[in-house]
Every structure is written in structure tokens, then in C-alpha cells.
Amino acid sequence: MGFFLETLFGGLMAGMLYSLIALGFVLIYKASGVFNFAQGAMVLFAALAMARFAEWIPKWLGFDSLILANVLAFAAAMALMVVLAWVIERLCLSRLVNQEGITLLMATLGISYFLDGLGQTMFGNDIYSINVGMPKDPAMILESTFEGGLLLSKEDLVAAIIAAALVALLALFFQKTATGRALRAVADDHQAAQSIGIPLNRIWVIVWSVAGFAALVAGIIWGSKLGVQFSLSLVALKALPVVILGGLTSVPGAILGGLIIGVGEKLSEIYLGPFFGGGIEIWFAYVLALAFLLVRPQGLFGEKIIDRV
Amino acid sequence: MLYRENGQFKTSYAADQQIFPILQDRVAIGVLLAIAFVVVPMFGSDYLFRAILIPFLILALAALGLNILVGYCGQISLGTGAFMAVGAYAAYNFLVRIDGMPLIAAMLLGGLCATVIGVLFGIPSLRIKGLYLAVATLAAQFFTDWAFLRIGWFTNNSTSGSVSVAGLNVFGLPIESAVAKYLFCLAVVCVFALGAKNLVRSAIGRQWMAIRDMDVAAAVIGIRPMYAKLTAFAVSSFIVGVAGVLWAFVHLGAWEPAAFSIDRSFQLLFMVIIGGLGSIMGAFFGAAFIIVLPILLDQVPQWFGIPLSTATTSHLVHMIFGALIVFFLIVEPHGLARLWSIGKQKLRLWPFPH
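Residues numbered from 1 in each chain as written. Chains lettered and ligands numbered in written order. Predicted model: local features only at pLDDT ≥ 70, side-chain atom pairs only at ≥ 80, totals over all residues. Heavy atoms only, no water.

J.: What is the right way to look at the interface of chain A and chain B in this model?
T.: One widely used convention gives an interface's size as the accessible area the parts lose upon coming together. Listed by partner, the interface residues are 46 residues for chain A and 40 residues for chain B. Summed over both sides, the interface between chain A and chain B buries roughly 4,000 Å², with carbon and sulfur atoms accounting for 80% of that surface. Linking chain A to chain B there are 1 residue pair in polar contact (both at pLDDT 80 or more). When contributions to the side of chain A that touches chain B are tallied by element, the ones reaching two or more residues are helix H4 (101-123), helix H10 (239-246) and helix H13 (281-295) of chain A. For the side of chain A that touches chain B, the per-class residue count stands at 32 nonpolar, 11 polar and 3 charged. (Contact = heavy atoms within 4.5 Å. Buried area = accessible area lost by both parts, 1.4 Å probe. Polar contact = N/O pair within 3.5 Å; in protein donor to acceptor, adjacent residues only side chain to side chain. Helix = DSSP H or I, 4+ residues; strand = E, 2+ residues; numbered from the N terminus. Nonpolar A, V, L, I, M, F, W, Y, C, P; charged D, E, K, R; others polar.)

J.: When you look at the layout of surface pockets in this model, what are you seeing that I'm missing?
T.: Remark: the empty space left among the atoms is shown by a probe the size of a water molecule rolled over them. Residues and elements named next belong to chain B. Estimates place the volume of the second largest pocket at around 1,700 Å³. Along the wall of the second largest pocket there are 48 residues; nearest its centre are Phe 20, Ile 29, Leu 32, Met 281 and Phe 284. Contributions of two or more residues to the lining of the second largest pocket are made by helix H2 (23-43), helix H3 (46-72), helix H7 (178-201), helix H12 (280-303) and helix H14 (335-349). Classifying every residue of the lining of the second largest pocket gives 34 nonpolar, 7 polar and 7 charged. (1 Å grid on protein atoms, 1.4 Å probe; cavity = no way out; pocket = protein on both sides within 12 Å on 5 of 7 lines; lining within 4 Å. Points joined across faces, edges and corners; volume = space filled by probe spheres on them.)

J.: I'm lost on the side chain of Thr231(B) in this one. Help?
T.: All names here are of chain B. For Thr 231, the position within the fold is in helix H10 (residues 225-252). Residue class for Thr 231 comes out buried when judged on its relative accessible area of 18%. Only 2.8 Å separates the side chain of Thr 231 from the backbone oxygen of Ala 228, close enough to count as a polar contact. Not counting the four nearest positions on each side in its chain, Thr 231 is found in contact with Ile 204 and Trp 208. (Buried < 20%, exposed > 50% of the residue type's maximum accessible area, 1.4 Å probe, protein only.)

J.: Got a minute to help me understand H3(B) in this structure?
T.: An α-helix turns once per 3.6 residues; consequently, residues spaced three or four apart project the same way. Taking the largest bend as the criterion, H3(B) deviates by roughly 35°, centred on Leu66(B). Where H3(B) terminates, the next one or two residues include Gly74(B), which has phi positive at roughly 75°. (Bend = angle between axes of the 7 residues up to and from the residue.)

J.: Help me understand the pattern of salt bridges in this model?
T.: Note on pairing: side chains with opposite charge can pair once their charged atoms come close. For the coordinates displayed, the defined rule picks out 4 salt bridges over all chains. Between Arg52(A) and Glu55(A) there is a salt bridge, and its shortest N-O distance comes to 3.3 Å. In this pair, Arg52(A) and Glu55(A) are both assigned in helix H2 (residues 39-61), 3 residues apart and thus about one turn of the helix distant. For Arg52(A), a relative accessible area of 14% gives the class buried. One salt bridge connects Asp213(B) with Arg212(B), and the closest N-O pair in it is separated by 3.1 Å. (Salt bridge = Lys/Arg side-chain N within 4 Å of Asp/Glu carboxyl O.)

J.: Quick question: what am I supposed to make of the nonpolar core here?
T.: Across soluble globular proteins, nonpolar side chains have a tendency to be buried as a group. Formed by 214 residues in total, the largest nonpolar core has its most connected members in Phe37(A), Leu61(B), Phe249(B) and Trp255(B). In terms of residue count, the dominant contributor to this core is H3(B) (18 residues). When neighbours within four sequence positions are excluded, Trp255(B) is seen to be in contact with Ala88(B), Tyr89(B), Tyr92(B), Gly161(B), Ser162(B), Val163(B), Ser164(B), Val165(B), Ala248(B), Phe249(B) and Phe260(B). (Core = buried A, V, L, I, M, F, W, Y, C linked by side-chain atoms within 4.5 Å.)

J.: What is the right way to look at the packing of aromatic side chains in this model?
T.: To describe a pair of aromatic rings, one takes the distance between the centres and the angle between the planes. Residues and elements named next belong to chain B. Within the structure shown, the criterion is met by 27 aromatic pairs over all chains. Arranged with centres 5.8 Å apart and planes meeting at 45°, the rings of Phe 143 and Trp 146 form a pair that is tilted. You can see Phe 143 and its partner Trp 146 sitting in helix H6 (residues 130-150), 3 residues apart, about one turn around the helix. Accessibility expressed as a relative area gives 3% for Trp 146, which makes it buried. Taking 5.9 Å as the distance between ring centres and 40° as the angle between the ring planes, the aromatic pair formed by Phe 192 and Phe 238 counts as tilted. You can see Phe 192 sitting in helix H7 and its partner Phe 238 sitting in helix H10, a full 46 residues away along the chain. (Phe/Tyr/Trp six-rings, centres within 6.5 Å; stacked < 30°, edge-to-face > 60°.)

J.: Got a minute to help me understand the packing of H2(B) against H7(B) in this structure?
T.: Relative orientation and spacing of two packed helices are given, respectively, by the angle between their axes and the distance between those axes. All names here are of chain B. Put simply, H2 and H7 touch, their axes get as near as 10 Å, and they point 175° apart. Taken together, H2 and H7 sit at an angle that is classed as roughly antiparallel. In contact with Leu 33, Ala 36, Phe 37, Val 40 and Pro 41 of H2, H7 contributes Val 179, Tyr 182, Leu 183, Leu 186, Ala 187 and Cys 190. Classifying every residue of the contact of H2 with H7 by side-chain character gives 11 nonpolar, no polar and no charged. (Axes fitted to C-alpha atoms, helices over the stretch in contact; angles between N-to-C directions. Parallel < 35°, antiparallel > 145°, perpendicular 65-115°, else oblique.)

Listed below in C-alpha cells is the structure:
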């Protein structure tokens, strides 16, 4: 029982991180109808920027404080992501307005390749570490209830709390601010939003910046766990089935989808894996999403796709 | 002046329907084939064959297959590598497990296995579209990556996880030297390119294009979406599967699942986009471009005395590919093939634009 719960918690924590990346996909899709394949590359790019700035900034400015370095690096990386959002909007999206979904998808694939190359050219291609002072040692809880207690990774716990806080923040942003209202309006109907004076271009820059922010947070958490390297952009491929499962347009869907996939993956690896020879984590999420698609193509909370002649 | 169709009248349906209705095109293709089959084998170096021409031909074949699916039928697929892998491993198993299996038969059987898997993963396309389908085909990619790595039966329980073939021959002729490999690939590619070209001009090809342009309207005029989509998946994955066999058997000789990773899928999709969606010739342009660009990037800075590290080069290639994809999608969505046909159009009027 203790082992099962441990696996379950591990899955929930991993799922929270998948949700964080998936959130980036959903935000962009909701507000511009673009399926942003480059989210993974953005996570890598943001994490690389964060890791390297945290190393460079103290050197340039000549101080020695971990907290200050991290704060400045975060600000610098965020500024970089905003610039990136602006450049992407200017050079790419604004010229592809009214194109089909597939075209936009392929364009983001191109962006993702470009970012992979650019990030590694600018910041180097070794393995970097991000140290934001997350607790590393695991914690033991409920020792009285179970034999041996439950081993929980504090790092995962902190990550999950940060992720939850981020989601709450984004929900507030979407619901309570004027910009959030404008974003929702654009998501509902581009033309109607434009006709009442909401500037589409600026909205897209904001959305991509917000997605960049989500990517940065995801990048920092994953990066401090695994180290920042190229494989980080592959982690994001895991977030694709999460979005599919949850529905492309739903923020709660991304969260729930992430949790389901995270838990399903860990449990299936432990309990089903031995029958298949192990390593089924690689495809479990995809096959689950695929099976789900056949039953309910719009995902858990997605909007129903209706075709009319 | 030279490229003009004045006076070339078509007096029969057969003449009207031929692939190259203009005499100059027929001559050009004839010359091109003659060069490819006769001149190049006489003068080409081993490096040219092994590093450039053979990969070019095989990837062009795979891009051709993918183009049928993405360019002609509008079903985006990110799982091309998976179907190549299915073809390669299936053919390997046929070759190893059945005594005296001829290479060509193994190749076609491998293609058929890829067809079955392709249709299987194409079934979701009947319910889901575009973005969702891309993820569904990614599922194929991840699943085959895992299956060929973990399930020992596929690799004949090889301990290292990599498999190899040796002593290939067709009708008793050995395919060992670079020239023989090149000629074999060239022959296969020619046959398939001709077949594909005719297929996309036929009724089924028109159905694919109708589905691509607007599936609801196509269904209204009596095209069965299920039949059209699944045949596109079948034909596409057959060609891709055969390309996978060639890639594994002829180009690599010994391979492991990483040879057909997701990067291969993306690479092929890029070939199709850069070369030209919905064009047979585009597959060749795209493949040539993507094979040659990294080699050029490797060489050119050295000629100018700027040494670049391998890592920098590979990042540069990434950036250039990415930028080119976006560039082509914005400026010329029909890719290099479209530029080529614009060039031909201009040539028809030259030197009197009007």
C-alpha cells in the first residue's frame, strides 16, 4: 500500500510538471488557434537562458549572491522570452494570418528547430545546472501509518506547489484583469474582438509572452531536477498527449490531463511494465491519448468539433 | 526560344494525357535518366555515391511517400520514421527467417507490413483531423521506437539491439559496390516515382486532392472519405516502408531503431514542405536540398578559412532549416517545385514577355 501511494504521488508530481508545459500549448491555442509545437523548444530555450544568465550576471556585475543572481537571471530570461514572443509575432505569425491549422503547425515546427539551434548557439550545448535552492533530500511522512513510511521528494513537492500557484495566477489573470478579458474575447472570435478595438497583434505578443513565462517556469523546475540539456525539449513531447487528453482549449483539461498521464505512466510502468519488457513509459501517454481520441475526439473538456456543410 | 510548345498539337487522347506533354520536357527527362543511369556510374566517386546520391535517392523516395499523404491527401503525419522502421524490420525478418527469400520480395513484403501498420494508425484520421492526427501519428513513432528496441523477436534476439544484413543480391547480381547500390536504388526510385505520378493523376489521386481541399464538399459529391483517406495512408506507408527497407539494407547495412527516430520523421516532413507540398518532383528537390545543405555548411566555411566546430555546424543547420520552413510557408507554400514551374512558365515566354 505504501509503495502504491508512493508511486501515485510520484505520478501526480510528474503530472503537475507535464501540465505546466501543456499549459503553454493551451494558452496559445486558446488565444490564437495555433498549435504551438515549439513549446518544447521554448522550455529548453528559457531554461538555457536562465541557467546561463545565473552564471554570467554575477560575473558581469561582480557580486556573489545566489538569490540576487537568480532573480536577475529570471528577469533577464523573462525579458528574452518577451522579445522572442514579439519577434515570432512580427516575423512569422502576422504573415500567416488566416492560414490553415496545418500550415501554422508546420510553421511552429520550423520555429522549434530554429530555437533549438539558436539557444544552443547562444548559450552552449553542455549540460547546465539551475540552482534555485530547491530542497534536494526526500522527506519521510506518515511513518506511523505505514511500515517504512512514505518517501516523498521535497523537490517534487515544491515543484508541484509552484505549478499550482502558477495555474492559480494564470486563472486570476484570465478572469480578473482587462487584458485577460481581451484574451478571452480574442479566443472566442478574432473578428468580433478586433471590431470592438482589441488589437490582435498586441494580444498575440502577450499570449506568447505568457506562454514563454509558463515555459520559463517549467524549464526552471525541470532544469533543476534533470539539468538543462537538449533532452529537455523532448520532455515537452510528453505534454502533447496531455493536451490531447484534456482538450486543446481547456486550462483545467491541461491540469487534469497532466495528472492522469503522470499517474497512469508511473503506475503502468510499475504494474504493467514487467509484462511488456519495461520502458512502456515512452509510449503509454501516446497510446492512452490515441485510444481516448477514438472515443471522444475533443478530449475531456475540449469544445466539440462540429462540421457543417 | 528553345522551350516552346508552338506547333506541338495533340491529336489523340493518349497524346493529351501523357505525363510530359511538351517535347522538350520528354527530351530533358530522357537526358536526365541517361546521365543518372550511364554517365554518373562511370565517373562518380565512392564518396559521391555513399554520402550523397544513395541517401538522396532513398530519402526522396520516402519523401515521395509522405507527400502523397501530406501533400495530396492533407493528412499530416509525424510518424514517417515509424513506417520506415516497420518496413525495414519486417523485411529483415522475412529475409532472415525464410530461406532463399529474394531481396525484392522481402522489400515488397516489408512495404506491405508498413502498409498494414500505416492503415492501422490511419484509422483515427476518420474521426480526427489536423493537429490531433499529428499526435496520433506521433504515437506510432514512439510505439515502434520502443517495440523494436525492447521486443527481441523483431531483431532476431540480437544482443546488441542492432541488426545487419549482408550479401544482398538481385537476380544473382550482388549489390555490394557503391555503384551497384546506387543503380539499384535509382531503379527502384524510378519505378515508384512513375507509379506515384500516375496514381496522383488517376481517379484515386483526384479523390485525395478533393479530400485535402475540403473534405465535407468531397463527401457531398460522392467521394468516400474513409476509402480515400485509408488508401492514401496505405499507398503512402507502402512507399515509405520500401524506402525504409532501402535505407536499412542498402544505405546503412547495419542499423538500430535510432536510425528511424522522430528526427527522421521531421526531416522528411521538412523535405516535403521545402520541396513542395503536393508535387512529385518536390520530393526530389526537397531531399536534394536537405542532403546537400549540411554538407555545404560543413565545407563552405572551410574554403573561406573559417573553421566551425561540428556542434556549431549542426546548430546552424537547425537554425537554417527552421528559418527556411517558416520562410517557405510564408513566401512560397508550394516550395521549390513551384519555383521550378514558375521558371518554366517564364521560359515559355522568353525572350518576349508579352
